[in-house]
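Descriptive analysis of the structure
Spelled out, the chains give:
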Amino acid sequence: MIKLFRFLLGYVEFEFINGFSEGFINECFEKEILIQNITLCENGFKAICRINTYKKLHKIALKHGGKVKILKKHGLPFFLAPLNERTGFILGAVLFAFILSFLSSFIWNIEIKGCDRLSEATISTYLENHKFKSGVMWGAVDKKSIAWDMMSDFDDIAWVHINRKGTTAVVEINETRKEIDSIDEYNLKGIKAIRKEISVTSQRQQSKMSVKDNKNYYTLHFFSLDIPLYFKIKKADFEEKSDKYLKIKGKTLPIGYTLTNEQEISCIKYDLINDEMVKLARKKLSIEAERELDGYEIVNSNITYHIKNDQCVMTGYYIVRYAED
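Small disclaimer: the values here were computed from a predicted structure and weren't measured.

**Looking at unusual backbone geometry**
Its identity as a non-glycine residue notwithstanding, E32 has a phi of 55 degrees, on the positive side. In this structure, E32 sits in the loop between α2 (21-30) and β2 (36-41).

**With respect to the sheet that holds strand β6 (residues 157-165)**
The strands making up a sheet associate through hydrogen bonds between their backbones, and the pairing can be parallel or antiparallel. One open sheet holds the 3 strands; their spatial order is β5-β7-β6, and the pairing between them is mixed. Each of the sheet's edge strands pairs with one partner strand only, and the pair in question is β5 (109-113) and β6. Ignoring strand direction, the axes of neighbouring strands in this sheet form an average angle of 20 degrees. In this structure, β5 lies alongside strand β7 (residues 168-175), joined through 5 bridges in parallel fashion. Following the sheet pairing, I110 is matched in β7 by A169. Against the sheet, helix α7 (residues 120-129) touches β5, β6 and β7, its axis set at about 135 degrees to β5. Packing against the sheet, helix α9 (residues 274-292) makes contact with β6 and β7, and its axis sits at approximately 85 degrees to β6.

**Some remarks on the confidence of the model for the chain**
Of the residues in the chain, 88% reach a pLDDT of 70 or more, and the chain-wide mean stands at 81. Across the chain, element-level confidence peaks in α9 with a mean pLDDT of 91 and bottoms out in helix α5 (residues 76-80) with 71. Scored below 50 in pLDDT, residues 180-190 shows 10 contacts in the model against residues more than four places distant or in partner chains.

**Some thoughts on the environment of Q263**
Positionally, Q263 belongs in strand β12 (residues 251-271). Q263 sits in the buried class, given a relative accessible area of 18%. The spatial distance from the C-alpha of Q263 to the C-alpha of F238 is 5.2 Å, given a sequence separation of 25 residues. Setting aside residues up to four positions removed in sequence, Q263 forms contacts with V211, D213, N214, A236, D237 and F238.

What counts and how
Residues numbered from 1 in each chain as written. Predicted model: local features only at pLDDT ≥ 70, side-chain atom pairs only at ≥ 80, totals over all residues. Heavy atoms only, no water. Helix = DSSP H or I, 4+ residues; strand = E, 2+ residues; numbered from the N terminus. Pairing = 2+ DSSP bridges. Axes fitted to C-alpha atoms, helices over the stretch in contact; angles between N-to-C directions. Contact = heavy atoms within 4.5 Å. pLDDT = per-residue confidence, 0-100. Buried < 20%, exposed > 50% of the residue type's maximum accessible area, 1.4 Å probe, protein only.

Here it is, written out as structure tokens:
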């Protein structure tokens, strides 16, 4: 710890030569001027002291017929000293980093992938109507809600995922399979075919999660001492922590801070009408059929549903064929 404080405050290594060393040392101790690590050398001795202390040694050295001379400078103040003459450069770099960080928190480009039957212009217009466009801050975008609304409003969309790539929002869309027209049962003669049945349900009551409050808290770490820079009464619904520690010459020091991001989540419940329940069930059935029938060729399908006890049960009957081994 002593070495760490010396580095942070700065110190000099000096020599006293051509004088009465014992008298010089005794007077320094009498005046409570701290010099350390005293080692004898030719015509005097070497020692170390703080920067402000060294300025007081010249008069004492002359008084005892010698002189002091700096051999080497150590510590953070000497490392930062050359930057004092470049204040404008430092301020410019800090301002540039701040502006770059601020601008990167916005969406500047939207890339749409996976559209086949749907046009990119249609998706782009839909996103703009939901306030998802260039110039909007990422923090103001509810990505999960927008993806859910897209799957509910477009029958051709099976699922949507919105990713962040720098300042670009990548909207990945997976379209549902195109329905195959019914065919004559006689055309199935001579084909290795099997019957598949898939059922899904959708509930009338739905819930939507949203971030109600978002706060950051800092905790300083100094060796084994933790110093919280905040005061809070209740615990949030969700929290994420990240640690940062001081590094010197590649070595991590036990000095740093912990950033805790806490979010308060609110849950909004709402009811679907019958048409919305059917649309949601159809969406689920499309996704489940695509998963279970992967590798098969669908040659005929029939879908039925019924609504009972605030839920919609939808069943898909599929005739599929596959190549024999």
